[in-house]
Amino acid sequence: MNTPRRTSQMLRFIVVGGSIAGVACAYALQEAGHQVVVLEQGDGRHESHGGLRSPPNMTRLLNHWGLGPAIARVSIKANRFTFMDGKSGEELGPLVLHDKLMKALAADFLYIQHGALHAMFVEFAKNAGKVVSVDPWKGMVITRNGVRLTADVIVGADGYGSVVRPVVVGPEGMKGVLDKRVSVNITVPTDLMRRHEDLVPLTVSPEWSLWLGHDCATHGLLTVNPDTSEREYAVVMHVPTDGKPAQESWARSQPLDEKFLKLDRFEPRVQKLVRLARTMTPTGYTIYEPFDNWVHESGRVVLIGEAAHPLMPNGSHNSAMSIEDAMTLSTLFSLPATKSHTPLLLSAYEELRQPRCAATQASELRKRDFVCMPLGPEQQARDDGLRNTRIRALLDWDEAEEEYLRETWEEYIDLFAFDAREAVEDWWTKWGPAILRPQMLDSRIESTLGKFESLRLEVDVSREAVA
Ligand SMILES: Cc1cc2nc3c(=O)[nH]c(=O)nc-3n(C[C@H](O)[C@H](O)[C@H](O)COP(=O)(O)OP(=O)(O)OC[C@H]3O[C@@H](n4cnc5c(N)ncnc54)[C@H](O)[C@@H]3O)c2cc1C
């Protein structure tokens, strides 16, 4: 879709939160011709070396924004996902990202460091500040220093502990259930790994390796440090909290704790790999039911990213959903609508994004629980299933059985092939003409009301006849 830049009316947006969702959204809204202020409580630098995944549905949007060459410099292209038994290292079964499939998807599955992706957008986040309260009716935010700023639209992109969310959703926006697992980021420089023969293959292979342990899992992939251009191995461990609440913060690193990580549940390679790191960053999670409202009834405040749909940390789709949100919102606000259409465009954003994000929220937890099964009959059935598909999975795309491909890929294709811009295009094709020519909408409403009138007349007549 060639979205026109908005020429009619420029709006003033305030984006609360300057991480991936916030900076991507600010970048895209600015591209659409609007004035954007990003308020970020920190110094705007995220030096996180944690590895995130950019599935094709996200890479496609980054390419559209012209970020492809920059991303190529700091990312690794995935070739397959390999499932292994956590304790023995036995390869259970792979999911091969066949060239033919990836070509059809027109975008790659990439691994990128969180800080690298953030830095790419960050130059647009120019104003600093922690927002302490929001007045949705006045379109106003108040920062910790007492600065009052108003805007036509306030975008709440302030993550898991959002201050904007309760304003939009109400108190239930902060009530959830503590997850029984915590996810831990560990970054290992590949030059340390190269000193160990059995770790060398991990320093060169673009596969995403997943070790399925007893009630826990470890996965790892290669990333590029944007400052040194050196490769680093990004490890994520999902471990039980053992009933202890864990901080929902990405910012707090602590010394490596082998007991906490249940390291003895993994094969020697994983143990060796993790011990090469000195620190770990655990991030807890609160599970929420999907929120009904992402837009305040004033039509001036909207939620995006983790503020709107808190996803399990370190899933495959956290950044992807945030970037899709940003693209959806900015594409809607590139349409040739006017300022008076703002509430309508915001509710279109909500309608377009909610079902996809709710489905992703649920499927990410399901997938995490699938790889973290405790030892037992269910885990054995899972492993047997993976072993059974091993031979079929390794066949070339053209030789593979259609049934196997459909079963394996159906859910992924739904996720990977989705295009946030096309979704807006479809919405605009349906509603655009009526929005631009309200008299058309009026005449549709009148004709519908006319039908009701004649129906009422018929009912009244028949009532009279009965009487
Ligand atoms: C420091 C950091 C490191 C991360 N590292 C990784 C990683 O390695 N791998 C990974 O997969 N994901 C990581 N994430 C999470 C990832 O960014 C999100 O899962 C996803 O991209 C969606 O992000 P978001 O922008 O909606 O929310 P978040 O990333 O949670 O960002 C919210 C932003 O809002 C700011 N903020 C919060 N409250 C206020 C307020 N009152 N006023 C102003 N600003 C406020 C925060 O400082 C933060 O910058 C990290 C997040 C952070 C903040």
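Given the structure is predicted, the values throughout are model-derived calculations rather than measurements. (Residues numbered from 1 in each chain as written. Predicted model: local features only at pLDDT ≥ 70, side-chain atom pairs only at ≥ 80, totals over all residues. Heavy atoms only, no water.)

It is a probe the size of a water molecule, rolled over the atoms, that shows where empty space is left. Taken as a whole and judged by the stated rule, the model has 1 cavity of 30 Å³ or more. In this structure, the largest cavity spans a volume of roughly 30 Å³. Around the largest cavity, the lining residues are Leu95, Val96, His98, Ala393, Tyr404, Leu405 and Trp409. Listed by contribution, the elements that provide at least two residues to the lining of the largest cavity are β6 (91–96) and α13 (402–417). Tallied by class, the residues present in the lining of the largest cavity amount to 6 nonpolar, 1 polar and no charged. (1 Å grid on protein atoms, 1.4 Å probe; cavity = no way out; pocket = protein on both sides within 12 Å on 5 of 7 lines; lining within 4 Å. Points joined across faces, edges and corners; volume = space filled by probe spheres on them. Helix = DSSP H or I, 4+ residues; strand = E, 2+ residues; numbered from the N terminus. Nonpolar A, V, L, I, M, F, W, Y, C, P; charged D, E, K, R; others polar.)

Not every one of the 30 residues close to the ligand is listed here, only the nearest: Ser19, Glu40, His114, Val131 and Glu306. Measuring from an oxygen atom of the ligand, one finds a backbone N or O atom of Ala21 at 2.8 Å. Within the complex, the protein chains bury 92% of what would otherwise be the 940 Å² of accessible surface of the ligand. Elements with a contribution of two residues or more to the shell around the ligand: α1 (20–31) and α10 (318–332). Its residues assigned to classes, the shell around the ligand shows 9 nonpolar, 17 polar and 4 charged. (Near = heavy atom within 4 Å. Polar contact = N/O pair within 3.5 Å; in protein donor to acceptor, adjacent residues only side chain to side chain. Areas by Shrake-Rupley, 256 points an atom, 1.4 Å probe, with all protein chains shown as cover.)

On strand β3 (residues 51–54), burial covers both faces: Gly51 and Arg53 on one face and Leu52 and Ser54 on the other are all buried. Across 4 bridges, the pairing between β3 and strand β7 (residues 110–113) is antiparallel. By the bridge assignment, Gly51 is partnered in β7 with Gln113. (Buried < 20%, exposed > 50% of the residue type's maximum accessible area, 1.4 Å probe, protein only. Pairing = 2+ DSSP bridges.)

When two helices pack together, their arrangement is captured by the angle between the axes and the distance separating the axes. Remark: helix α2 (residues 56–64) packs on α13, axes separated minimally by 6 Å, with the N-to-C direction vectors making an angle of 15°. It follows that α2 is roughly parallel to α13 by the angle criterion. The residues of α13 that touch α2, namely those facing Pro56, Asn57 and Arg60, are Leu415, Phe416 and Ala417. (Axes fitted to C-alpha atoms, helices over the stretch in contact; angles between N-to-C directions. Parallel < 35°, antiparallel > 145°, perpendicular 65-115°, else oblique. Contact = heavy atoms within 4.5 Å.)

All right, on to the nonpolar core then. Looking at soluble globular proteins, one finds that nonpolar side chains tend to be buried together. Core analysis: the biggest nonpolar cluster contains 128 residues, and Trp65, Leu117, Phe121, Ile186, Met237, Ile323 and Leu332 have the highest contact counts within it. Ignoring sequence-local partners within four residues, the contact set of Ile323 consists of Ile20, Ala24, Met58, Leu61, Leu62, Trp65, Leu117 and Phe121. (Core = buried A, V, L, I, M, F, W, Y, C linked by side-chain atoms within 4.5 Å.)

This part takes up the layout of surface pockets. Of the volumes computed, that of the second largest pocket is approximately 810 Å³. Of all elements in the fold, only β5 (80–85), β6, β14 (208–213), α11 (342–371), α12 (377–394) and α13 reach the threshold of two or more residues within the lining of the second largest pocket. In the lining of the second largest pocket, the residues fall into 15 nonpolar, 11 polar and 8 charged.

The axis of helix α14 (residues 420–436) is deflected most strongly, by about 45°, at Lys430, and proline Pro433 appears within four residues downstream. Listed in full, the buried residues belonging to α14 are Ala420, Arg421, Ala423, Val424, Trp427, Trp428, Gly432, Ala434 and Ile435. Of the residues flanking the start of α14, the one acting as N-cap is Asp419, its side-chain oxygen 2.9 Å from the backbone nitrogen of Arg421. (Bend = angle between axes of the 7 residues up to and from the residue.)

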